[in-house]
Amino acid sequence: MGDLYEETIFDRKLLPEAAGAANAEQSIVLTVIAGSEVDFGRHFVLERKRTGIGREKVNDIALSDGKVSKAHCEISVIRSPRGIEQISLLDLDSTNGTYVNGEAVVQATLKAGDKIQAGSTVLQLSYSDEIEREYHAKLFDFAARDALTGMYNKRFIVNELENYCRIARRSQRAFSVILLDIDDFKQINDRFGHLAGDEYLKRLAGLIRDTLRDQDIAGRIGGEEFLIVLPETAIEGAMQLAVRLRMNVEGFVLTVQGQDVRTTISAGVCQYQRGMKDVKELLDLADQALYEAKRSEKNRVMRAAIPNLAEE
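The structure displayed is predicted, hence computed values, not measured ones. (Residues numbered from 1 in each chain as written. Predicted model: local features only at pLDDT ≥ 70, side-chain atom pairs only at ≥ 80, totals over all residues. Heavy atoms only, no water.)

Peer 1: Can you tell me about the sheet that holds strand E10 (residues 107-110), naming the residues and giving the values?
Peer 2: Taken together, the 5 strands give an open sheet; going across it, the order is E5-E4-E6-E7-E10, and neighbouring strands pair in mixed fashion. Two strands close off the open sheet at either side, each with one partner strand: strand E5 (61-62) and E10. Pairing of strand E6 (residues 73-80) with strand E7 (residues 83-91), which is carried by 8 bridges, proceeds in the antiparallel orientation. Its bridge partner being in E7, Glu 74 is matched across the sheet by Leu 90. (Pairing = 2+ DSSP bridges. Helix = DSSP H or I, 4+ residues; strand = E, 2+ residues; numbered from the N terminus.)

Peer 1: Run through the environment of Ala 218, naming residues and quoting values.
Peer 2: On the secondary structure map, Ala 218 appears in strand E14 (residues 217-220). Owing to a relative accessible area of 11%, Ala 218 belongs among the buried residues under this scheme. Between the alpha carbons of Ala 218 and Leu 230 there is a distance of 8.8 Å; along the sequence they are 12 residues apart. Setting aside residues no more than four positions away along its own chain, Ala 218 makes contact with Met 151, Tyr 152, Ile 157, Ile 208, Leu 212, Leu 227 and Ile 228. (Buried < 20%, exposed > 50% of the residue type's maximum accessible area, 1.4 Å probe, protein only. Contact = heavy atoms within 4.5 Å.)

Peer 1: Report on the side chain of Ser 36, specifying residues and quantitative values.
Peer 2: With respect to the helices and strands, Ser 36 occurs in the loop between strand E2 (27-34) and strand E3 (42-46). In this structure the side chain of Ser 36 is engaged in a polar contact, spanning 3.1 Å, whose partner is the backbone nitrogen of Asp 39. (Polar contact = N/O pair within 3.5 Å; in protein donor to acceptor, adjacent residues only side chain to side chain.)

Peer 1: So what about the pairing of E14? Which residues, and what values?
Peer 2: Neither face of E14 is exposed, since Ile 217 and Gly 219 on one face and Ala 218 and Arg 220 on the opposite face are all buried. Of the strand pairs in this sheet, E14 and strand E15 (residues 225-231) are connected by 4 bridges, and their pairing is antiparallel. Bridge assignment links Ile 217 to a residue of E15, and that residue is Val 229. Between E14 and E15, which pair antiparallel in sequence order, lie 4 residues.

Peer 1: Any chance you could break down the sheet that holds strand E13 (residues 175-182) for me, citing the residues and the numbers?
Peer 2: One open sheet holds the 5 strands; their spatial order is E14-E15-E13-E18-E19, and the pairing between them is mixed. Of all strands in the sheet, those with a lone pairing partner are E14 and strand E19 (301-303), marking the two edges. Averaged over all pairs of adjacent strands, the angle between their axes in this sheet comes to 20 degrees, without regard to strand direction. (Axes fitted to C-alpha atoms, helices over the stretch in contact; angles between N-to-C directions.)

Peer 1: Kindly report on the pattern of salt bridges, identifying the contributing residues and their values.
Peer 2: Opposite charge on two side chains lets them pair, provided their charged atoms get close. Following the criterion strictly, the structure yields 18 salt bridges and no others. One salt bridge in this structure joins Asp 146 and Arg 220, with 3.2 Å as the shortest N-O distance. Residue Asp 146 is located in the loop between helix H1 (130-144) and helix H2 (154-171), and its partner Arg 220 is located in strand E14; the two are separated by 74 residues in the primary sequence. Neither Asp 146 nor Arg 220 differs from the other in exposure class; each is buried. In this structure, Lys 294 engages Asp 183 in a salt bridge whose closest nitrogen and oxygen atoms are separated by 2.8 Å. Note that Lys 294 is positioned in helix H6 (residues 279-296) and Asp 183 in the loop between E13 and helix H3 (185-192), a separation of 111 residues in sequence. Take Lys 294: its relative accessible area is 25%, and that puts it in the partly exposed class. (Salt bridge = Lys/Arg side-chain N within 4 Å of Asp/Glu carboxyl O.)

Structure follows, in structure tokens:
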């Protein structure tokens, strides 16, 4: 994975060289132009000789698409000092086949502008320079991130959560969520003003990011409410992480005009169970645990009251 990195874009414009080969300064880019809401707009720069595409996370490009095979297809790139010589695609005996510009292929030579379909996902090949990649990545951030905190917005993180639910139903892999809310946040706004409240939210978002692991996903889903998705994490690990977050927030102080601003958080934690009908049931259980934490004495972490999972 070290030679391939991911960016995200929504614009699908091709450079003038779309009909021919890329020069040495340009990169090969795959952009998801159709597929799940989570994948749509993802932007991959291909830097390695071979890039695997599939549903499993071990692939260089992992797609959230149930119709994509675990290892679906592979793209190979031949380079020379003059630039990119050839880009080739190989289907890896996928269940639903691989298509290039609407035609089923086993092997194919690709050029800029080609559309590759795997399952319900369509990726378009193009060439791009660094300035254009940065521009398009910013477009994605505007659509997927909360403007104040820089965290994912509600729409994006809930879609991610739905994908993890689908994966868990198929693979029986554990994952958990933390729903947290700032205690008495209104008092910060009332006492210090909304600018101080906004600054506290931004600093809290940074604290959350610093506490989480690389694979965890966090988003702001309300005024002072946050959702954290913890892949490959059972309830015990999720509780430990939530408690660590609570303690870090308890110790955090924001100084505004010579005055200390501090508060606490309450959190509800829930592990996905195979019997759950949908994302709403999972979030409702986490929300009920959060409500109990705030109703009791605040500054608490509580686990959802579901079968085989006791309160802590």
